[in-house]
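Spelled out from the first residue to the last, the chains are:
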Amino acid sequence: MPDRAESPTGATEKCGVVGVSLADRDVARPIYYAMYALQHRGQESAGIATHDGFQQHSHVERGLVGDAIDEAALEDLRGAAGIGHVRYPTSGGLNTCCAQPFAVSFKSGSLGLAHNGNLVNTDELRTELEAAGHAFTSDGDTEVIAHELARNLLDADLVRAVKRTMSRVHGSYSLAIMHDETVLGLRDPLGNRPLCIGKLDDGYVVASESAAIDALDGKLVRDVRPGELVVLDPEGGGFDSYRLVEEPKPAHCFFEHVYFARPDSVIDGSLVYEVRRALGRALWQESGVPADVVMPVPDSGRAFASGYAEAAGEEDADVEFAEGLMKNRYVGRTFIMPTQDERERAVRLKLNPIRSTVEGRRVTLVDDSVVRGTTSTQLVELLRDAGADEVHVRIGAPPIRAPCYMGIDMASRDELIAADRSVEEVREEISADSLAYLSLDAVADALDAGESSLCTGCVTGEYPYDIEDEETDREVARPEI
Ligand code: SF4
């Protein structure tokens, strides 16, 4: 869904966390490498906090991992326990005071927190904590969790304090926590955002995605379960697990599989690449259209298009799978386009059609999702200008009709192209010959999950949490697909 000037998507990826505990060597470098593997989840800031047995060290800067953390910082980050974070802001503004890990010393010791997710009762908790004498340095929700945990640590052991904190904070959170030199992983009771555990030769790691474990030559042990706390113990040769809250059903974010996660990550037991191919196959089965060539929107639509083309090819041997749009990888988020006209031309700089693949042919363009729809409109026009006879658009997810309150900065309701348009109206808006989205049932099938065990709030407008300050008109019509 290349939809914005600053990113190939209409939604922004939301934070990656990692925590590493080793038996007897500094963790800063392994954390740094793992953060590289999670860079796609956030590019605004990067930070590491470590503990050397005596004190906590931390380094947080704006920018990509390679720019934010240099050799000198890695040297200073001593200790065999640590956490790291790559951030795209979800709550708390775009500034370094909200960058993470959030590291602080309390009476109960030192704490570091790296958070992926979004609390839905931050204001209420902050007001209560302020009334109890807690002073805040940022407007982010991670600091609220840190204060709540610190308060609970005053009269409870670590596990009880975490459990008490979980009963107070509501919303989505996958956390890498460091309490003195103990590293913990914690996933919210609905398992909304991903978190997994891996084994290294001399320690353990928790990370948002298994690709970070691969980057350390580690072995994925399993996902952290919804409501589970894991306490890494490399010297004891393992980790302790506490299922602190058990809900009858999880609410995993289906969008992680559709867009956010790396294709080579395994999330909640499924390899993301295979899920995307299965979604592409299902898309053909639900809404296949005769065409000469099936092409992905690079890079987001690639796995979907390959699944779609494979299924199409089983019925029509003449259909070709081809890359018809070439991407300029050097047009990034920082590219400045001062006028609307120039912004509209951005797509031409970013994606250029291969005329011979397109000219005189019926084209099916496959993408993962559509948020604002701006880029879809431009791509259809681009393909027509390159001589396509027909342009059909197939989308590997249902229409996005409502905002996300769980940590994904999709867009506000009035920016979403499908918020108040039927599929036919969206088709008209983007000027495609035909348009079809995938059904929620097909998404649930591909994920081997009942629809009720997934969060589908951005599709249905029904969220797994009660939302503070939710935008009006929560009811969203079921998608007509
Ligand atoms: S609302 Fe959508 S993007 Fe947000 S957590 Fe739910 S499924 Fe994911």
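Here, every reference points to the structure presented above.
Residues numbered from 1 in each chain as written. Predicted model: local features only at pLDDT ≥ 70, side-chain atom pairs only at ≥ 80, totals over all residues. Heavy atoms only, no water.

> Give me the lowdown on the overall build of the chain, citing residues and values where you can.
Counting its secondary structure elements, the chain contains 16 helices and 24 strands. Scored against the burial criterion, the 481 residues of the chain give a buried share of 61%. Of all intrachain contacts in the chain linking residues separated by at least 6 positions in sequence, the fraction that spans at least 24 positions is 70%. When the accessible surface of the chain is summed, it comes to about 18,600 Å², and 46% of that surface belongs to carbon and sulfur atoms. (Helix = DSSP H or I, 4+ residues; strand = E, 2+ residues; numbered from the N terminus. Buried < 20%, exposed > 50% of the residue type's maximum accessible area, 1.4 Å probe, protein only. Contact = heavy atoms within 4.5 Å. Areas by Shrake-Rupley, 256 points an atom, 1.4 Å probe, with all protein chains shown as cover.)

> For the sheet that holds strand β23 (residues 434-437), give the residues involved together with the corresponding values.
The strand order β18-β17-β21-β22-β23 describes an open sheet built from 5 strands, whose pairing is parallel. Unpaired on one side and paired on the other, β18 (320-321) and β23 mark the two borders of the sheet. Relative to β18, strand β17 (residues 293-296) is paired through 2 bridges, and the arrangement is parallel. By the bridge assignment for β18, Val293 is matched with Glu320. On top of the sheet, helix α10 (residues 302-315) reaches β17, β18, β21 (362-367) and β22 (390-395); it is set at about 160 degrees to β17, its chief contact. The sheet contacts of helix α13 (residues 374-385) involve β17, β21 and β22, and relative to β22 the element is tilted by about 150 degrees. (Pairing = 2+ DSSP bridges. Axes fitted to C-alpha atoms, helices over the stretch in contact; angles between N-to-C directions.)

> Now, about the nonpolar core: what can you tell me, with residues and values included?
The biggest cluster of nonpolar side chains holds 49 residues, and the ones touching the most others in it are Phe254, Phe255, Val258, Leu279 and Met406. Sorting the residues of this core by element identifies α8 (254-260), α9 (272-287), α10, α15 (440-446), β24 (454-455) and α16 (457-460) as the ones contributing at least two each. Tallying contributions element by element places α10 first for this core, with 6 residues. In this structure, Val258 is in contact with Arg276, Leu279, Phe304, Asp368, Gly396 and Ala397, ignoring residues within four places of it in sequence. (Core = buried A, V, L, I, M, F, W, Y, C linked by side-chain atoms within 4.5 Å.)

> Residue-level account of the pattern of salt bridges, with values.
Per the stated rule, a full pass over the model turns up 31 salt bridges. Salt-bridge contacts for Glu359 lead to Arg355; the nearest nitrogen and oxygen are separated by 3.6 Å. Accessibility expressed as a relative area gives 43% for Arg355, which makes it partly exposed. The partner of Arg421 in a salt bridge is Glu429, and the shortest N-O contact between them spans 3.7 Å. Note on Arg421: relative accessible area 26%, which makes it partly exposed. (Salt bridge = Lys/Arg side-chain N within 4 Å of Asp/Glu carboxyl O.)

> Describe in detail the packing of helix α4 (residues 122-131) against helix α5 (residues 141-153), supporting the description with residues and values.
It is at 10 Å that the axes of α4 and α5 come closest, and there the two elements cross at 45 degrees. Put simply, α4 runs oblique to α5. The handedness of the crossing between α4 and α5 comes out as left-handed. Within the contact between the two elements, α4 uses Thr122, Leu125, Arg126, Glu128 and Leu129 and α5 uses Asp141, Val144, His147, Glu148 and Arg151. Within the contact of α4 with α5, the residues separate by chemical class into 3 nonpolar, 2 polar and 5 charged. (Parallel < 35°, antiparallel > 145°, perpendicular 65-115°, else oblique. Left-handed = near helix turned anticlockwise from the far one by under 90°. Nonpolar A, V, L, I, M, F, W, Y, C, P; charged D, E, K, R; others polar.)

> So, the packing of aromatic side chains: which residues are in play, and what are the values?
Per the counting criterion, the structure on display carries 8 aromatic pairs. Between Tyr204 and Phe239, the aromatic rings sit 5.7 Å apart at their centres with planes inclined by 70 degrees, giving edge-to-face as the arrangement. Of the two residues, Tyr204 sits in strand β10 (residues 203-207) while Phe239 sits in strand β13 (residues 238-243), which places them 35 residues apart along the sequence. Tyr204 gets classed as buried once you look at its relative accessible area, which sits at 7%. (Phe/Tyr/Trp six-rings, centres within 6.5 Å; stacked < 30°, edge-to-face > 60°.)

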